[in-house]
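# Structural characterization, general
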Amino acid sequence: MGNRHRAVLAMRAGIARKIFSSRTRARMREVVDVDFDVCLDSFDRASALSALAEAHILLTGWGAPRVDADVLRHAPELAAVAHAGGSVKAHLDRACWERGIAVSTAAGVNAQPVAEYTLAMILLAGKKVHPIWRRYQERREHIDLLEEFPGIGNHQRRVGIIGLSRIGRRVVELLRPFDLVLAAYDPYLDDEEAAKLGLLRMSLDELMSWADTVTLHAPALPETRQMIDARRLALLPDGATVINTARGWLVDHDALLAELSAGRLDAVLDVTEPDVPPSDSPLYRLPNVTLTPHLAGAMGNELYRLGDWVADEVGRF
């Protein structure tokens, strides 16, 4: 091994080949010793502990086993973790920081496809594409759009962004070329930063009363549990659209379902609570609901962007 660092993969079996392209694997082998055919999905086996004993860098992804103080005792050389995903809360214990391990996450990279999905859905929501598509399928005849949908369009449509996370900020950037009016709610946003971002700064209640479309990008914290509740949903104007690509945790789904069933609001839900709604849930059949199975994040060839980012980080380290 000489002076070269040893990198070890720790993630769900089979995912590494979807994240690291052949080009990226070759690039990483130029700077570290790494076996892409060995992927640890548990640290319980003797072979896994043996691999940890030699590891300088841990390459983690979805399904990574938890790295706690006990695991670290078996990894005396471990100095860095590069995570090919978003949050590291689920698999990295506080002991990693106490030991001074360098931790890097691809959350910023993973923000791109979520922001792109959100941009698409905001524009489609403004034109009421999904409800109109459903109605066209049912009728199979001419629809007088000017008569039946007089308020559609994206000219000066009011879009409220809840949470200026990495994703929320990227959504703001992607929306700039369009003829929309943007406002945001974030407890850490001040007037100066809002002006720099070209946003109206509002309280959450003000934003809900104002917006034609709201898009959620807040984190799942005790303070954000069902922050979009029945009272706040009732503040939305008739015909408004709720887009959630963040966490089902943020929304009172019973209250939202009541609004959707009444036909007062539309929704684009990429996340729900539970993660997969029951098979008899009205969300699957309501014409004013676009329901997708956590599609917005990195999928398919977008996963290679995560692998490229990890390779860059390993090279920097």
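Residues numbered from 1 in each chain as written. Predicted model: local features only at pLDDT ≥ 70, side-chain atom pairs only at ≥ 80, totals over all residues. Heavy atoms only, no water.

### Observations regarding the overall build of the chain
A count of helical and extended segments in the chain gives 14 helices and 12 strands. A principal-axis box enclosing the C-alpha atoms of the chain has dimensions of 75 × 45 × 35 Å. Taken over 317 residues, the chain has a buried fraction of 49%. (Helix = DSSP H or I, 4+ residues; strand = E, 2+ residues; numbered from the N terminus. Buried < 20%, exposed > 50% of the residue type's maximum accessible area, 1.4 Å probe, protein only.)

### Considerations on the nonpolar core
Ranked by size, the top nonpolar core spans 29 residues in total, and within it Ile162, Met208, Val214, Ile228, Leu233, Leu236 and Leu260 carry the most contacts. Of all the secondary-structure elements, those providing two or more residues to this core are helix H11 (204–210), strand E9 (213–216), helix H13 (253–261) and strand E11 (266–269). Once residues within four sequence positions are removed from consideration, Ile162 is found in contact with Tyr185, Leu204, Leu207, Met208, Val214, Thr215, Leu216, His217, Ala218, Met227 and Ile228. Core analysis: the next-biggest nonpolar cluster, separate from the first, contains 25 residues, Met11, Ala16, Phe20 and Val109 among them. (Core = buried A, V, L, I, M, F, W, Y, C linked by side-chain atoms within 4.5 Å. Contact = heavy atoms within 4.5 Å.)

### Quick notes on the packing of helix H2 (residues 22–29) against helix H14 (residues 303–316)
One way to put it is that H2 packs onto H14 with a least axis distance of 10 Å and a crossing angle of 10°. By the angle between their directions, the pair H2 and H14 is classed as roughly parallel. For the pair H2 and H14, the contacting residues are Arg23, Thr24, Arg27 and Met28 in the first and Gly307, Asp308, Val310, Ala311, Asp312 and Val314 in the second. Among the residues forming the contact of H2 with H14, the class breakdown is 4 nonpolar, 2 polar and 4 charged. (Axes fitted to C-alpha atoms, helices over the stretch in contact; angles between N-to-C directions. Parallel < 35°, antiparallel > 145°, perpendicular 65-115°, else oblique. Nonpolar A, V, L, I, M, F, W, Y, C, P; charged D, E, K, R; others polar.)

### Overview of the sheet that holds strand E7 (residues 180–185)
Across the sheet, 7 strands lie side by side as E8-E7-E6-E9-E10-E11-E12; this open sheet has parallel pairing. The open sheet has two edge strands, strand E8 (200–201) and strand E12 (289–291), and neither has a second partner. Bridging between E11 and E12 involves 3 bridges; their strand directions are parallel. Looking at the pairing, Ala267 lines up with Val289 of E12. (Pairing = 2+ DSSP bridges.)

### Section: the pairing of strand E10 (residues 241–244)
Every other side chain in a regular strand lies on the same face of the sheet, so the side chains alternate between the two faces. By the alternation rule, side chains of E10 split into Thr241 and Ile243 and Val242 and Asn244, which are all buried. Summarising the sheet, E9 and E10 pair through 4 bridges and their orientation is parallel. Considered in E10, the bridge of Thr213 is made with Thr241. For the crossover from E9 across helix H12 (residues 230–235) to E10, the handedness is right-handed. Bridge count for E10 against E11 is 4 bridges, and the pairing is parallel. Paired with Ile243 across the bridge in E11 is Val268. (Right-handed = clockwise from strand over helix to strand, strands pointing away.)

### Some remarks on the side chain of Asp266
By the element assignment, Asp266 lies in strand E11. Here Asp266 falls in the buried class, since its relative accessible area comes to 12%. Side chain to side chain, Asp266 and Lys128 meet in a polar contact 2.6 Å long. In this structure, Asp266 is in contact with Lys128, Pro131, Gly239, Ala240, Thr241, Val242, Leu260 and Asn288, ignoring residues within four places of it in sequence. (Polar contact = N/O pair within 3.5 Å; in protein donor to acceptor, adjacent residues only side chain to side chain.)

### Details of the environment of Ala240
With respect to the helices and strands, the residue Ala240 is situated in the loop between H12 and E10. Residues in contact with Ala240, not counting those within four places in the same chain, are Ala211, Asp212, Arg264, Leu265 and Asp266.

### Side note on the side chain of Asn244
The topology assignment puts Asn244 in strand E10. Of note is the side chain of Asn244, whose polar atom sits 3.0 Å from the backbone nitrogen of Ala246. Residues within four places of Asn244 in sequence aside, it is in contact with Leu216, Leu250, Val251, Val268, Leu269, Asp270 and Val271.

### Here we look at the sheet that holds strand E3 (residues 57–60)
Here 5 strands make up an open sheet; going across it, the order is E2-E1-E3-E4-E5 and the pairing parallel. Two strands close off the open sheet at either side, each with one partner strand: strand E2 (32–40) and strand E5 (102–105). Pairs of neighbouring strands in the sheet enclose a mean axial angle of 15°, with direction left out of account. Strand direction decides the pairing type here: E3 and strand E4 (residues 80–83), joined by 4 bridges, are parallel. Paired with Thr60 across the strands is His83, a residue of E4. Running over the sheet, H2 touches E2 and E3 and is turned about 130° from E2.

### Comments concerning the pattern of salt bridges
Counted under the stated rule, the structure contains 21 salt bridges. The partner of Arg170 in a salt bridge is Glu173, and the shortest N-O contact between them spans 2.7 Å. Of the two residues, Arg170 and Glu173 are both situated in helix H9 (residues 166–175); the distance of 3 residues between them amounts to about one turn of the helix. Taken together, the salt bridges that share partners define one network made up of Arg135, Arg139 and Glu148. (Salt bridge = Lys/Arg side-chain N within 4 Å of Asp/Glu carboxyl O.)

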